[in-house]
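Listed below, chain by chain, are the residues.
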6 protein chains.
Amino acid sequence: MAEFETGFPSVRQIQQWVADKQGVEIKLLTGDILVGTLLWQDPHCLCLTDASGQQIVAWRQAIAYHKAVTA
Amino acid sequence: MAEFETGFPSVRQIQQWVADKQGVEIKLLTGDILVGTLLWQDPHCLCLTDASGQQIVAWRQAIAYHKAVTA
Amino acid sequence: MAEFETGFPSVRQIQQWVADKQGVEIKLLTGDILVGTLLWQDPHCLCLTDASGQQIVAWRQAIAYHKAVTA
Amino acid sequence: MAEFETGFPSVRQIQQWVADKQGVEIKLLTGDILVGTLLWQDPHCLCLTDASGQQIVAWRQAIAYHKAVTA
Amino acid sequence: MAEFETGFPSVRQIQQWVADKQGVEIKLLTGDILVGTLLWQDPHCLCLTDASGQQIVAWRQAIAYHKAVTA
Amino acid sequence: MAEFETGFPSVRQIQQWVADKQGVEIKLLTGDILVGTLLWQDPHCLCLTDASGQQIVAWRQAIAYHKAVTA
(Lines give C-alpha, C1' and ligand atoms only; values in the text may rest on other atoms or scores of the structure.)
Protein backbone atom coordinates (compact mmCIF):
# COMPACT_ATOMS: atom_id res chain seq x y z
CA MET A 1 0.00 0.00 0.00
CA ALA A 2 1.14 3.54 -0.68
CA GLU A 3 2.55 5.49 2.22
CA PHE A 4 0.23 7.37 4.52
CA GLU A 5 0.32 11.15 4.28
CA THR A 6 -2.10 13.56 5.84
CA GLY A 7 -2.11 15.61 2.64
CA PHE A 8 -3.79 12.87 0.59
CA PRO A 9 -7.45 13.68 -0.17
CA SER A 10 -8.66 10.33 1.16
CA VAL A 11 -6.78 10.78 4.43
CA ARG A 12 -7.93 14.37 4.84
CA GLN A 13 -11.53 13.51 4.09
CA ILE A 14 -11.56 10.81 6.75
CA GLN A 15 -9.90 13.20 9.21
CA GLN A 16 -12.66 15.71 8.47
CA TRP A 17 -15.30 13.04 8.96
CA VAL A 18 -13.77 12.13 12.33
CA ALA A 19 -14.06 15.80 13.35
CA ASP A 20 -17.64 16.03 12.02
CA LYS A 21 -18.81 12.72 13.51
CA GLN A 22 -19.97 11.95 9.97
CA GLY A 23 -21.78 8.62 9.59
CA VAL A 24 -20.01 6.18 7.25
CA GLU A 25 -20.60 2.86 5.65
CA ILE A 26 -17.53 0.71 4.98
CA LYS A 27 -17.72 -2.32 2.71
CA LEU A 28 -15.01 -4.92 3.40
CA LEU A 29 -13.54 -7.61 1.16
CA THR A 30 -15.33 -10.19 3.32
CA GLY A 31 -18.63 -8.69 2.22
CA ASP A 32 -19.24 -7.24 5.70
CA ILE A 33 -20.66 -3.72 5.81
CA LEU A 34 -19.72 -1.68 8.85
CA VAL A 35 -21.84 1.37 9.66
CA GLY A 36 -21.04 3.96 12.30
CA THR A 37 -19.14 7.14 13.01
CA LEU A 38 -15.38 7.37 12.65
CA LEU A 39 -13.23 7.76 15.78
CA TRP A 40 -9.69 7.65 14.45
CA GLN A 41 -7.52 6.47 11.58
CA ASP A 42 -3.90 5.43 11.34
CA PRO A 43 -1.82 3.89 8.54
CA HIS A 44 -3.22 0.40 9.28
CA CYS A 45 -6.79 0.90 10.42
CA LEU A 46 -9.96 2.97 10.72
CA CYS A 47 -11.91 2.81 13.99
CA LEU A 48 -15.61 3.42 14.06
CA THR A 49 -18.39 3.22 16.66
CA ASP A 50 -21.55 1.49 15.58
CA ALA A 51 -25.13 2.32 16.64
CA SER A 52 -24.82 0.15 19.76
CA GLY A 53 -21.69 1.99 20.87
CA GLN A 54 -19.39 -0.93 20.00
CA GLN A 55 -16.02 0.14 18.61
CA ILE A 56 -14.85 -1.77 15.55
CA VAL A 57 -11.39 -1.49 14.04
CA ALA A 58 -11.44 -2.03 10.26
CA TRP A 59 -8.15 -2.76 8.52
CA ARG A 60 -7.39 -0.59 5.48
CA GLN A 61 -6.12 -3.56 3.47
CA ALA A 62 -9.58 -5.09 3.69
CA ILE A 63 -11.64 -2.08 2.61
CA ALA A 64 -13.34 -2.21 -0.79
CA TYR A 65 -15.17 1.12 -0.60
CA HIS A 66 -16.71 3.56 1.84
CA LYS A 67 -19.22 6.37 1.67
CA ALA A 68 -20.92 8.90 3.88
CA VAL A 69 -24.33 8.00 5.25
CA THR A 70 -26.83 9.88 7.32
CA ALA A 71 -26.14 8.70 10.85
CA MET B 1 1.54 -1.66 -4.60
CA ALA B 2 3.90 0.32 -6.81
CA GLU B 3 4.41 3.98 -5.99
CA PHE B 4 2.01 6.57 -7.34
CA GLU B 5 3.34 8.85 -10.05
CA THR B 6 1.35 11.21 -12.18
CA GLY B 7 3.36 10.18 -15.22
CA PHE B 8 2.01 6.62 -15.21
CA PRO B 9 -0.50 6.02 -18.02
CA SER B 10 -3.13 4.65 -15.65
CA VAL B 11 -2.84 7.66 -13.34
CA ARG B 12 -2.89 10.14 -16.23
CA GLN B 13 -5.87 8.46 -17.85
CA ILE B 14 -7.88 8.68 -14.64
CA GLN B 15 -6.84 12.31 -14.23
CA GLN B 16 -8.09 12.99 -17.75
CA TRP B 17 -11.34 11.22 -17.00
CA VAL B 18 -11.81 13.37 -13.90
CA ALA B 19 -11.37 16.46 -16.08
CA ASP B 20 -13.74 15.10 -18.75
CA LYS B 21 -16.39 13.87 -16.29
CA GLN B 22 -16.06 10.56 -18.11
CA GLY B 23 -18.44 7.83 -16.92
CA VAL B 24 -16.66 4.78 -15.49
CA GLU B 25 -17.47 1.32 -14.30
CA ILE B 26 -15.24 -0.11 -11.57
CA LYS B 27 -15.32 -3.80 -10.68
CA LEU B 28 -14.13 -4.56 -7.16
CA LEU B 29 -12.73 -7.75 -5.66
CA THR B 30 -15.96 -8.09 -3.69
CA GLY B 31 -17.82 -8.43 -6.98
CA ASP B 32 -19.41 -5.00 -6.55
CA ILE B 33 -19.59 -2.85 -9.66
CA LEU B 34 -19.51 0.90 -9.07
CA VAL B 35 -20.74 3.16 -11.87
CA GLY B 36 -20.41 6.93 -11.94
CA THR B 37 -18.16 9.81 -12.82
CA LEU B 38 -14.74 10.26 -11.23
CA LEU B 39 -14.18 13.18 -8.84
CA TRP B 40 -10.63 12.64 -7.61
CA GLN B 41 -7.90 10.06 -7.11
CA ASP B 42 -5.05 9.77 -4.68
CA PRO B 43 -2.54 7.00 -3.93
CA HIS B 44 -5.10 5.06 -1.86
CA CYS B 45 -8.48 5.70 -3.46
CA LEU B 46 -10.66 6.78 -6.37
CA CYS B 47 -13.77 8.83 -5.62
CA LEU B 48 -16.77 8.70 -7.90
CA THR B 49 -20.31 10.10 -7.87
CA ASP B 50 -23.05 7.70 -8.84
CA ALA B 51 -26.27 8.49 -10.70
CA SER B 52 -28.04 9.45 -7.46
CA GLY B 53 -25.32 11.95 -6.58
CA GLN B 54 -23.87 9.74 -3.82
CA GLN B 55 -20.09 9.92 -3.53
CA ILE B 56 -18.36 6.56 -3.15
CA VAL B 57 -14.67 6.15 -2.33
CA ALA B 58 -13.23 2.98 -3.88
CA TRP B 59 -9.92 1.69 -2.56
CA ARG B 60 -7.27 0.97 -5.21
CA GLN B 61 -6.23 -2.29 -3.52
CA ALA B 62 -9.72 -3.64 -4.11
CA ILE B 63 -10.07 -2.79 -7.81
CA ALA B 64 -10.06 -5.67 -10.29
CA TYR B 65 -10.66 -3.64 -13.45
CA HIS B 66 -12.30 -0.46 -14.70
CA LYS B 67 -13.50 0.85 -18.02
CA ALA B 68 -15.12 3.90 -19.56
CA VAL B 69 -18.87 3.81 -19.97
CA THR B 70 -21.35 6.20 -21.51
CA ALA B 71 -22.66 8.16 -18.55
CA MET C 1 1.33 -2.66 4.20
CA ALA C 2 2.45 0.47 6.00
CA GLU C 3 5.41 0.16 8.32
CA PHE C 4 4.90 -0.93 11.89
CA GLU C 5 5.43 1.71 14.54
CA THR C 6 4.54 1.46 18.17
CA GLY C 7 3.22 5.01 18.09
CA PHE C 8 0.33 4.17 15.74
CA PRO C 9 -3.02 4.10 17.56
CA SER C 10 -3.88 0.63 16.28
CA VAL C 11 -0.56 -0.79 17.43
CA ARG C 12 -0.77 0.92 20.81
CA GLN C 13 -4.33 -0.22 21.36
CA ILE C 14 -3.40 -3.83 20.71
CA GLN C 15 -0.38 -3.49 23.01
CA GLN C 16 -2.71 -2.18 25.72
CA TRP C 17 -5.09 -5.07 25.14
CA VAL C 18 -2.22 -7.55 25.50
CA ALA C 19 -1.38 -5.95 28.86
CA ASP C 20 -5.06 -5.97 29.94
CA LYS C 21 -5.79 -9.50 28.73
CA GLN C 22 -8.69 -7.91 26.87
CA GLY C 23 -10.93 -10.35 24.98
CA VAL C 24 -11.00 -9.76 21.23
CA GLU C 25 -12.82 -10.99 18.20
CA ILE C 26 -10.89 -10.99 14.92
CA LYS C 27 -12.65 -11.44 11.60
CA LEU C 28 -10.40 -12.79 8.84
CA LEU C 29 -10.72 -12.52 5.07
CA THR C 30 -11.51 -16.25 5.02
CA GLY C 31 -14.65 -15.52 7.03
CA ASP C 32 -13.16 -17.17 10.12
CA ILE C 33 -13.78 -15.40 13.40
CA LEU C 34 -11.12 -15.90 16.06
CA VAL C 35 -12.03 -15.14 19.66
CA GLY C 36 -9.61 -15.04 22.56
CA THR C 37 -7.17 -12.88 24.46
CA LEU C 38 -4.13 -11.34 22.81
CA LEU C 39 -0.67 -12.61 23.75
CA TRP C 40 1.63 -10.67 21.43
CA GLN C 41 1.83 -8.79 18.16
CA ASP C 42 4.62 -8.19 15.69
CA PRO C 43 4.71 -6.63 12.22
CA HIS C 44 3.37 -9.82 10.61
CA CYS C 45 1.02 -11.39 13.12
CA LEU C 46 -1.21 -11.21 16.19
CA CYS C 47 -1.19 -14.17 18.58
CA LEU C 48 -4.22 -14.96 20.68
CA THR C 49 -5.26 -17.74 23.07
CA ASP C 50 -8.76 -19.07 22.62
CA ALA C 51 -11.10 -20.37 25.33
CA SER C 52 -9.57 -23.86 25.15
CA GLY C 53 -6.07 -22.49 25.72
CA GLN C 54 -5.01 -23.06 22.11
CA GLN C 55 -2.71 -20.39 20.72
CA ILE C 56 -3.59 -19.14 17.24
CA VAL C 57 -1.38 -16.85 15.17
CA ALA C 58 -3.44 -14.60 12.88
CA TRP C 59 -1.66 -12.85 10.02
CA ARG C 60 -2.24 -9.09 9.77
CA GLN C 61 -2.65 -9.23 5.99
CA ALA C 62 -5.69 -11.43 6.47
CA ILE C 63 -7.53 -9.36 9.08
CA ALA C 64 -10.73 -7.60 8.00
CA TYR C 65 -11.67 -6.11 11.39
CA HIS C 66 -11.36 -6.71 15.10
CA LYS C 67 -13.16 -5.52 18.20
CA ALA C 68 -13.08 -5.93 21.95
CA VAL C 69 -15.41 -8.50 23.46
CA THR C 70 -16.18 -9.49 27.00
CA ALA C 71 -13.95 -12.49 27.59
CA MET D 1 4.38 -5.92 -4.95
CA ALA D 2 7.94 -5.89 -6.25
CA GLU D 3 9.12 -2.83 -8.12
CA PHE D 4 8.47 -2.51 -11.83
CA GLU D 5 11.49 -2.83 -14.11
CA THR D 6 11.46 -3.18 -17.84
CA GLY D 7 14.19 -5.81 -17.62
CA PHE D 8 11.96 -8.34 -15.82
CA PRO D 9 10.88 -11.19 -18.12
CA SER D 10 7.20 -10.72 -17.32
CA VAL D 11 7.35 -7.00 -18.11
CA ARG D 12 9.33 -7.53 -21.31
CA GLN D 13 7.00 -10.29 -22.48
CA ILE D 14 3.97 -8.06 -22.05
CA GLN D 15 5.77 -5.23 -23.83
CA GLN D 16 6.47 -7.59 -26.71
CA TRP D 17 2.85 -8.68 -26.78
CA VAL D 18 1.74 -5.04 -26.95
CA ALA D 19 4.01 -4.58 -29.98
CA ASP D 20 2.75 -7.82 -31.58
CA LYS D 21 -0.94 -7.19 -30.85
CA GLN D 22 -0.86 -10.66 -29.29
CA GLY D 23 -4.22 -11.90 -28.01
CA VAL D 24 -4.27 -12.56 -24.26
CA GLU D 25 -6.54 -14.04 -21.67
CA ILE D 26 -6.28 -12.61 -18.16
CA LYS D 27 -7.86 -14.36 -15.18
CA LEU D 28 -8.64 -12.04 -12.27
CA LEU D 29 -9.07 -12.80 -8.57
CA THR D 30 -12.78 -12.04 -9.01
CA GLY D 31 -13.01 -14.99 -11.38
CA ASP D 32 -13.50 -12.68 -14.36
CA ILE D 33 -11.63 -13.63 -17.52
CA LEU D 34 -10.68 -10.74 -19.79
CA VAL D 35 -9.81 -11.53 -23.41
CA GLY D 36 -8.36 -9.09 -25.88
CA THR D 37 -5.18 -7.53 -27.18
CA LEU D 38 -2.85 -5.53 -24.94
CA LEU D 39 -2.55 -1.77 -25.49
CA TRP D 40 -0.25 -0.66 -22.68
CA GLN D 41 1.06 -1.57 -19.23
CA ASP D 42 2.31 0.48 -16.33
CA PRO D 43 3.26 -0.38 -12.75
CA HIS D 44 -0.39 -0.50 -11.68
CA CYS D 45 -2.36 -1.77 -14.65
CA LEU D 46 -2.59 -3.57 -17.99
CA CYS D 47 -4.94 -2.13 -20.61
CA LEU D 48 -6.51 -4.38 -23.22
CA THR D 49 -9.08 -3.98 -26.00
CA ASP D 50 -11.71 -6.68 -26.20
CA ALA D 51 -13.38 -8.04 -29.36
CA SER D 52 -16.00 -5.26 -29.30
CA GLY D 53 -13.32 -2.55 -29.20
CA GLN D 54 -14.00 -1.74 -25.52
CA GLN D 55 -10.86 -0.84 -23.56
CA ILE D 56 -10.59 -2.48 -20.14
CA VAL D 57 -7.95 -1.58 -17.56
CA ALA D 58 -7.03 -4.58 -15.39
CA TRP D 59 -5.18 -3.92 -12.15
CA ARG D 60 -2.01 -5.98 -11.60
CA GLN D 61 -2.86 -6.66 -7.97
CA ALA D 62 -5.96 -8.52 -9.11
CA ILE D 63 -4.37 -10.77 -11.74
CA ALA D 64 -4.15 -14.49 -11.00
CA TYR D 65 -2.66 -15.61 -14.31
CA HIS D 66 -2.53 -14.71 -17.98
CA LYS D 67 -1.67 -16.53 -21.19
CA ALA D 68 -1.46 -15.92 -24.90
CA VAL D 69 -4.47 -16.86 -26.98
CA THR D 70 -5.16 -16.82 -30.69
CA ALA D 71 -6.98 -13.56 -31.23
CA MET E 1 4.14 -6.89 3.83
CA ALA E 2 6.51 -5.75 6.55
CA GLU E 3 10.16 -6.67 6.18
CA PHE E 4 11.39 -10.04 7.40
CA GLU E 5 13.58 -9.98 10.49
CA THR E 6 14.65 -12.95 12.52
CA GLY E 7 14.02 -11.00 15.69
CA PHE E 8 10.25 -10.79 15.14
CA PRO E 9 8.35 -13.12 17.47
CA SER E 10 6.44 -14.74 14.62
CA VAL E 11 9.63 -15.45 12.69
CA ARG E 12 11.45 -16.77 15.76
CA GLN E 13 8.53 -18.99 16.75
CA ILE E 14 8.44 -20.58 13.32
CA GLN E 15 12.22 -21.04 13.42
CA GLN E 16 11.83 -22.79 16.76
CA TRP E 17 9.09 -24.99 15.37
CA VAL E 18 11.31 -25.96 12.45
CA ALA E 19 13.99 -27.03 14.95
CA ASP E 20 11.44 -28.91 17.09
CA LYS E 21 9.67 -30.58 14.16
CA GLN E 22 6.50 -29.14 15.68
CA GLY E 23 3.27 -30.10 13.89
CA VAL E 24 1.39 -27.12 12.47
CA GLU E 25 -1.89 -26.36 10.82
CA ILE E 26 -1.94 -23.48 8.33
CA LYS E 27 -5.20 -22.01 7.09
CA LEU E 28 -4.91 -20.27 3.73
CA LEU E 29 -7.08 -17.56 2.15
CA THR E 30 -8.33 -20.19 -0.30
CA GLY E 31 -9.84 -22.08 2.63
CA ASP E 32 -7.25 -24.85 2.30
CA ILE E 33 -5.82 -26.18 5.56
CA LEU E 34 -2.28 -27.53 5.35
CA VAL E 35 -1.10 -29.84 8.13
CA GLY E 36 2.45 -31.07 8.61
CA THR E 37 5.80 -30.23 10.10
CA LEU E 38 7.77 -27.15 9.10
CA LEU E 39 10.99 -27.56 7.10
CA TRP E 40 12.05 -23.99 6.38
CA GLN E 41 10.80 -20.43 6.04
CA ASP E 42 11.98 -17.47 4.03
CA PRO E 43 10.52 -14.00 3.41
CA HIS E 44 8.08 -15.36 0.80
CA CYS E 45 7.14 -18.85 1.92
CA LEU E 46 6.87 -21.56 4.58
CA CYS E 47 7.66 -25.13 3.57
CA LEU E 48 6.05 -28.04 5.37
CA THR E 49 5.99 -31.82 4.95
CA ASP E 50 2.59 -33.46 5.26
CA ALA E 51 1.80 -36.90 6.68
CA SER E 52 2.49 -38.58 3.31
CA GLY E 53 5.94 -37.01 3.09
CA GLN E 54 4.89 -34.53 0.39
CA GLN E 55 6.53 -31.12 0.68
CA ILE E 56 4.20 -28.17 0.24
CA VAL E 57 5.36 -24.57 -0.05
CA ALA E 58 2.78 -22.14 1.36
CA TRP E 59 3.07 -18.46 0.44
CA ARG E 60 3.01 -16.02 3.36
CA GLN E 61 0.72 -13.61 1.54
CA ALA E 62 -1.95 -16.31 1.46
CA ILE E 63 -1.85 -17.34 5.14
CA ALA E 64 -4.84 -16.42 7.30
CA TYR E 65 -3.69 -18.09 10.52
CA HIS E 66 -1.60 -20.96 11.82
CA LYS E 67 -1.35 -22.91 15.05
CA ALA E 68 0.58 -25.76 16.60
CA VAL E 69 -1.01 -29.19 16.45
CA THR E 70 -0.02 -32.56 17.82
CA ALA E 71 1.69 -34.23 14.89
CA MET F 1 5.66 -8.52 -0.73
CA ALA F 2 9.25 -8.94 0.42
CA GLU F 3 12.01 -8.15 -2.05
CA PHE F 4 13.18 -10.80 -4.47
CA GLU F 5 16.62 -12.26 -3.86
CA THR F 6 18.11 -15.25 -5.51
CA GLY F 7 19.52 -16.40 -2.19
CA PHE F 8 16.07 -17.04 -0.66
CA PRO F 9 15.31 -20.77 -0.39
CA SER F 10 11.99 -20.42 -2.19
CA VAL F 11 13.59 -18.56 -5.10
CA ARG F 12 16.50 -20.99 -5.32
CA GLN F 13 14.22 -24.01 -5.19
CA ILE F 14 12.14 -22.69 -8.08
CA GLN F 15 15.31 -21.90 -10.02
CA GLN F 16 16.43 -25.49 -9.48
CA TRP F 17 13.08 -26.78 -10.62
CA VAL F 18 13.32 -24.71 -13.79
CA ALA F 19 16.70 -26.31 -14.49
CA ASP F 20 15.35 -29.80 -13.69
CA LYS F 21 12.10 -29.42 -15.64
CA GLN F 22 10.43 -30.50 -12.40
CA GLY F 23 6.64 -30.87 -12.61
CA VAL F 24 4.76 -28.51 -10.29
CA GLU F 25 1.26 -27.88 -9.11
CA ILE F 26 0.38 -24.29 -8.21
CA LYS F 27 -2.80 -23.46 -6.30
CA LEU F 28 -4.03 -19.90 -6.84
CA LEU F 29 -6.25 -17.71 -4.67
CA THR F 30 -8.97 -18.09 -7.31
CA GLY F 31 -9.03 -21.82 -6.58
CA ASP F 32 -7.42 -22.60 -9.93
CA ILE F 33 -4.74 -25.29 -9.92
CA LEU F 34 -2.06 -24.95 -12.57
CA VAL F 35 0.02 -28.02 -13.40
CA GLY F 36 3.09 -28.07 -15.62
CA THR F 37 6.81 -27.54 -15.73
CA LEU F 38 8.42 -24.23 -14.79
CA LEU F 39 10.05 -22.12 -17.52
CA TRP F 40 11.11 -18.96 -15.68
CA GLN F 41 10.42 -16.81 -12.67
CA ASP F 42 10.83 -13.12 -11.98
CA PRO F 43 9.81 -10.88 -9.08
CA HIS F 44 6.20 -10.70 -10.33
CA CYS F 45 5.46 -14.04 -11.95
CA LEU F 46 6.18 -17.73 -12.51
CA CYS F 47 5.78 -19.11 -16.03
CA LEU F 48 4.92 -22.74 -16.60
CA THR F 49 4.07 -24.93 -19.58
CA ASP F 50 1.12 -27.25 -19.17
CA ALA F 51 0.68 -30.73 -20.67
CA SER F 52 -0.73 -29.27 -23.91
CA GLY F 53 2.32 -27.02 -24.36
CA GLN F 54 0.40 -23.85 -23.43
CA GLN F 55 2.45 -21.35 -21.45
CA ILE F 56 0.70 -19.83 -18.45
CA VAL F 57 2.07 -16.92 -16.42
CA ALA F 58 0.98 -17.13 -12.78
CA TRP F 59 1.32 -14.00 -10.64
CA ARG F 60 3.14 -14.47 -7.32
CA GLN F 61 0.63 -12.33 -5.44
CA ALA F 62 -2.07 -14.85 -6.32
CA ILE F 63 -0.26 -18.04 -5.27
CA ALA F 64 -1.54 -19.87 -2.20
CA TYR F 65 0.83 -22.84 -2.32
CA HIS F 66 2.83 -24.97 -4.72
CA LYS F 67 4.40 -28.42 -4.65
CA ALA F 68 6.39 -30.76 -6.84
CA VAL F 69 4.46 -33.37 -8.78
CA THR F 70 5.51 -36.20 -11.03
CA ALA F 71 5.18 -34.74 -14.50
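So, here is what we can say about the structure in this document. Remember, predicted model here, so these are calculated numbers, not experimental data. (Residues numbered from 1 in each chain as written. Chains lettered and ligands numbered in written order. Predicted model: local features only at pLDDT ≥ 70, side-chain atom pairs only at ≥ 80, totals over all residues. Heavy atoms only, no water.)

**Here we look at the pattern of salt bridges**
For step 1, the next point in the chain: Scanning the entire structure with this criterion turns up eleven salt bridges over all chains.
For step 2, the next point in the chain: The partner of Lys-27 of chain A in a salt bridge is Asp-32 of chain B, with the nearest N and O atoms 2.7 Å apart. One end of the pair, Lys-27 of chain A, is in strand E1 (residues 23-28); the other, Asp-32 of chain B, is in the loop between strand E1 (23-28) and strand E2 (33-41), on a second chain. Comparing Lys-27 of chain A with Asp-32 of chain B, the two get one shared label, buried.
For step 3, the next point in the chain: With a shortest N-O distance of 4.0 Å, Glu-25 of chain B and Lys-67 of chain B are connected by a salt bridge. With Glu-25 of chain B in strand E1 and Lys-67 of chain B in strand E5 (residues 63-69), this residue pair connects regions lying 42 residues apart in the sequence.
For step 4, the next point in the chain: Overall, Glu-25 of chain B belongs to the buried group, its relative accessible area being 16%.
For step 5, the next point in the chain: Here Lys-67 of chain B falls in the buried class, since its relative accessible area comes to 18%. (Salt bridge = Lys/Arg side-chain N within 4 Å of Asp/Glu carboxyl O. Helix = DSSP H or I, 4+ residues; strand = E, 2+ residues; numbered from the N terminus. Buried < 20%, exposed > 50% of the residue type's maximum accessible area, 1.4 Å probe, protein only.)

**What about helix H1 (residues 9-20) of chain C?**
Residues and elements named next belong to chain C.
For step 1, the next point in the chain: When the terminal C-alpha atoms of H1 are compared, their 16 Å separation across twelve residues agrees well with the 16 Å that a helix rising 1.5 Å per residue should span.
For step 2, the next point in the chain: Taken together, the buried positions of H1 are Ser-10, Val-11, Gln-13, Ile-14, Trp-17 and Val-18. Along the axis of H1, the buried positions cluster into a sector of 165°, meaning they face one direction only.
For step 3, the next point in the chain: In the segment just after H1, Lys-21 is the residue with positive phi, at about 50°. (Expected span 1.5 Å × (residues − 1). Arc of directions from axis to C-beta.)

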